[in-house]
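# Architecture at a glance
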Amino acid sequence: MKSKTALSLLVLFSASLLFGRPFTIIDSVHHYNLDPHTANYSSEAQMLTGLYEGLFSYDPFSLEPLPALVAEYKVSRDRLRWTFTLKEGATFSNGEEITAQTIKDSWLALLNPATQAPFASLLDCIRGAAEYRSGRGAAADVGISVQGKHQLVLRLTAPTEHLPSILCHHSFSAVHPDRRVFSGPFVLESYDGSRLVMKKNPLYHDASTVALEEILVIQSDDTRENAHLFNTGQADWVLSVADIAAVIDYNAVLVNAEFATEYLFFKSHKAPWNQATFRNALLAAVPWEALRGNSFVPASTLIYPIGTYVAPAALADYDMEEARLLLAQAKEAAGMAADVPLEITIAISDTEYSMSQAEILRQSWSQLGITVNISNTPMTRYLDSIPSWDADLFSYTWIGDFADPLAFLELFRSDSTLNESQWASPEYDQLLEAASFATGEKRQELLSAAEDLLLSDGLILPISHPVTLNVIDLNAVKGWQLNALDIHPLKYLHLRPVAPAIPNLVLAK
């Protein structure tokens, strides 16, 4: 039996490891865009939970919206007017007060057509927002008004019951014109491209609940070294970049299905692949089992099932004879001769995985007499290349930014700032609009119908629902919980000393 004295020594030793240094996170090597209006990657979203805050934030466990800068809010009987009352005394890290005008100014800056903010269209539910961000209207006509110092009033085009979930996103935070000033629980001390340091914001309105004094983020792709740093207590949390076979405590290796989907999509900018009949002919010739063969969680629809959402029928049928028939019918309907040659270009990153997927499609679609070209670019510039790339089919992985099917369906709304496909369907837009007026089960039915239309139009090829990998000791780190968005607000994290898992340690009795 271990004596009380030995246990105390262990706890003191563990505490010195934990509290003698900053809370340390290891992430992969890539540039962080820390501007909340233009940041677009999940790793950036994770860091921005520490630096910025808006009216609502994510519950670390359920992902439900929690009041942050908002003290209370009310919704009018017709659900088209939302009135938010902000907490009094909240300030930026430089001491300037955060008011209703702050939020209005932040959102108008986000909507400014010059900003080209990726998530701006999520505010299209506000009257005049879509017109302003697209250059067809004025900022003065956007339905955001201020009453006194602390009351913000939104006038909507549709009821939008999921609005608080949207407002958890970092894009809708209180943002100061000086990006060296922050509204969240931490401030950015330094970032040199490989090491990022955040320190507790003493002026944060809820500072008494923030346990961590300092956070260090190390960017490293050396998976063996990252596992070593975790094993030896020099890192508290490793984001995906660890050699899990080298992690001593297997209980610290956490794998979870993510509210995310890897898929291919057609860009609807040129014939004949801007026509559903031609796209569906190709989809009938997709060997789905082979395409999804390396997936932990194969995806046959776009949206990972969440809550009460019921997914539409799966994309899983493979029939080469049917594909030939559909292609012949598509050519005839388009007035093409049966022997007219067709060509398609698949645009991918230069990774081995992407190349193998493209080759699967090339071999299959070549049997239809289609010339399949494969074009690639380095992974580091792939996503930025999509808008100007003259290709037909692209690879994409999307992680939902809030826990709602609309986080995916917004990608294909015709006027969305997130619509890379350039696809437009009035029927699809009408379903999303109808869903914004509905609640509960009826809303979910309308969203499912919109996804079904998207799949039926042959626009996307769902491949997998990615899984997240985190290495973290949940006995030592509290306030961290597996969730579908893999977002873990930094303000809730805290450490407690535990006996270190050091093999063959001999203790005195």
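Here the structure is shown first, and the text comes after it.
This section reports on the structure supplied with the text. Owing to the predicted nature of the structure, the values given are computational and were not obtained by experimental measurement.

Rules used throughout
Residues numbered from 1 in each chain as written. Predicted model: local features only at pLDDT ≥ 70, side-chain atom pairs only at ≥ 80, totals over all residues. Heavy atoms only, no water. Helix = DSSP H or I, 4+ residues; strand = E, 2+ residues; numbered from the N terminus. Expected span 1.5 Å × (residues − 1). Buried < 20%, exposed > 50% of the residue type's maximum accessible area, 1.4 Å probe, protein only. Arc of directions from axis to C-beta. Contact = heavy atoms within 4.5 Å. 1 Å grid on protein atoms, 1.4 Å probe; cavity = no way out; pocket = protein on both sides within 12 Å on 5 of 7 lines; lining within 4 Å. Points joined across faces, edges and corners; volume = space filled by probe spheres on them. Nonpolar A, V, L, I, M, F, W, Y, C, P; charged D, E, K, R; others polar.

This part takes up helix H13 (residues 426-437). Here H13 spans 17 Å end to end across twelve residues, near enough to the 16 Å set by a 1.5 Å rise per residue. Buried residues of H13: Tyr-428, Asp-429, Leu-431, Leu-432, Ala-435 and Ser-436, and no others. Buried residues of H13, seen end-on, are gathered within an arc of 155° and therefore sit on one face of the element. Summarising the geometry of H13, the exposed residues directed more than 90 degrees from the buried face are Pro-426 and Gln-430. Contacts from the buried residues of H13 go to helix H12 (406-409) and helix H14 (440-456).

Under the defined criterion, the tally for this structure stands at two cavities of 30 Å³ or more. Taken as a whole, the largest cavity holds about 50 Å³ of empty space. The wall of the largest cavity is formed by Tyr-263, Phe-265, Tyr-396, Leu-411, Phe-412, Leu-418, Glu-420 and Ser-421. In terms of residue class, the lining of the largest cavity is made up of six nonpolar, one polar and one charged. Of the voids in this model, the second largest cavity is the one considered here, and its volume is about 30 Å³. The wall of the second largest cavity is formed by Leu-264, Ile-346, Ile-348, Ser-354, Gln-357, Ala-358, Leu-361 and Ser-395. Those elements giving two or more residues to the lining of the second largest cavity turn out to be strand S14 (342-349) and helix H10 (352-366). Examining the composition of the lining of the second largest cavity, we find that four residues originate from one element, H10, more than from any other. Per-class residue counts for the lining of the second largest cavity are five nonpolar, three polar and no charged.

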